[in-house]
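Okay, here's what each chain looks like letter by letter:
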Amino acid sequence: MPLRFAHRFSNSGGDLSVKLEVLGCSGGIGGDLRTTSFLVDDDVLIDAGTGVGSLGLSAMCKVDHIFVTHSHLDHVACIPFLLDSVGCMRRQPVTVYATAATVEILREHIFNWRIWPDFTTIPSAERPYLRFETLDVGKSVLLSGRSITPIPANHVVPAVGYHLDSGASS
């Protein structure tokens, strides 16, 4: 079983907190190594590398949002598997947030019916397992009192980092 690390960040009163769990933070696999994936509380993933595979089905069902830093496989490999495993168990699609360039790469090279089915149309276009939300650098997404803001990152493909803020800690 891979090593997992979780930490809860809270304010001095303890009433607002965010749990951050490291599911994987390696560039490769083997032994206890898993590729990049961080679970925020129970419903948000920052990247979806092979670390997602350490979650059980019930935990995967709780993931409503995936924020992708960039399109490299070690950061996106488990998006298709998560959707395939729990898509039919969910009432709403999983939302994948990424820059326009990264969304385009995911659509063209993964969810293209050649590498993997296009889950934005399965089981139907009206009730898909997946929906994409395009992000702009510096523009925050607010989710249940948490702010997640894409920040610039320098990489060989278009990339961002994320600033997480619970209102009490970040």
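Here the structure is a predicted model, which is why all the values come from computation and not from measurement.

*Asks:* Help me out: how do you make sense of the nonpolar core in this one?
*Replies:* One recurring pattern in soluble globular proteins: nonpolar side chains tend to sit buried together. Among the nonpolar cores identified, the biggest contains 28 residues, and Leu45, Ile66, Ile79, Leu82, Leu83, Val96 and Phe111 are the most heavily contacted of them. Within the residue set of this core, elements represented by two or more residues are α3 (78–86), β6 (94–99), α4 (100–109) and β7 (130–135). Top contributing element to this core by residue count: α3, with 5 residues. What Leu45 contacts, discounting residues up to four positions off in sequence, is Leu23, Ser37, Phe38, Leu39, Val52, Val63, His65, Ile66, Phe67 and Leu82. Ranked by size, the runner-up nonpolar core spans 12 residues in total, among them Val18, Val44, Val141 and Val160.

*Asks:* Please explain the sheet that holds strand β10 (residues 160–165) as it appears in this structure.
*Replies:* Working definition: the strands of a sheet are paired by backbone hydrogen bonds and lie parallel or antiparallel to each other. Here 3 strands make up an open sheet; going across it, the order is β8-β9-β10 and the pairing antiparallel. Looking along the sheet, the strands with just one partner apiece sit at the ends: β8 (141–143) and β10. Taken over all neighbouring pairs, the strand axes of this sheet differ in orientation by 25° on average, direction set aside. Pairing analysis gives 6 bridges linking strand β9 (residues 146–152) to β10, with the strands arranged antiparallel. When the bridges of β10 are listed, Ile148 appears paired with Leu164.

*Asks:* What exactly am I supposed to notice about the pairing of β6 here?
*Replies:* Each regular strand displays side chains that alternate between the two surfaces of the sheet. The buried count for β6 comes to 6 of 6 residues, which makes it a mostly enclosed element. With 3 bridges connecting them, strand β5 (residues 65–67) and β6 associate as parallel partners. Residue pairing in the sheet places Phe67 in a bridge with Tyr97 of β6. Sheet topology places β6 next to β7; 6 bridges connect them, and they run parallel. Looking across to β7, one finds that Tyr97 is bridged to Glu133. With α4 bridging β6 and its parallel neighbour β7, the resulting β-α-β unit is right-handed.

Conventions used here
Residues numbered from 1 in each chain as written. Predicted model: local features only at pLDDT ≥ 70, side-chain atom pairs only at ≥ 80, totals over all residues. Heavy atoms only, no water. Core = buried A, V, L, I, M, F, W, Y, C linked by side-chain atoms within 4.5 Å. Buried < 20%, exposed > 50% of the residue type's maximum accessible area, 1.4 Å probe, protein only. Helix = DSSP H or I, 4+ residues; strand = E, 2+ residues; numbered from the N terminus. Contact = heavy atoms within 4.5 Å. Pairing = 2+ DSSP bridges. Axes fitted to C-alpha atoms, helices over the stretch in contact; angles between N-to-C directions. Right-handed = clockwise from strand over helix to strand, strands pointing away.

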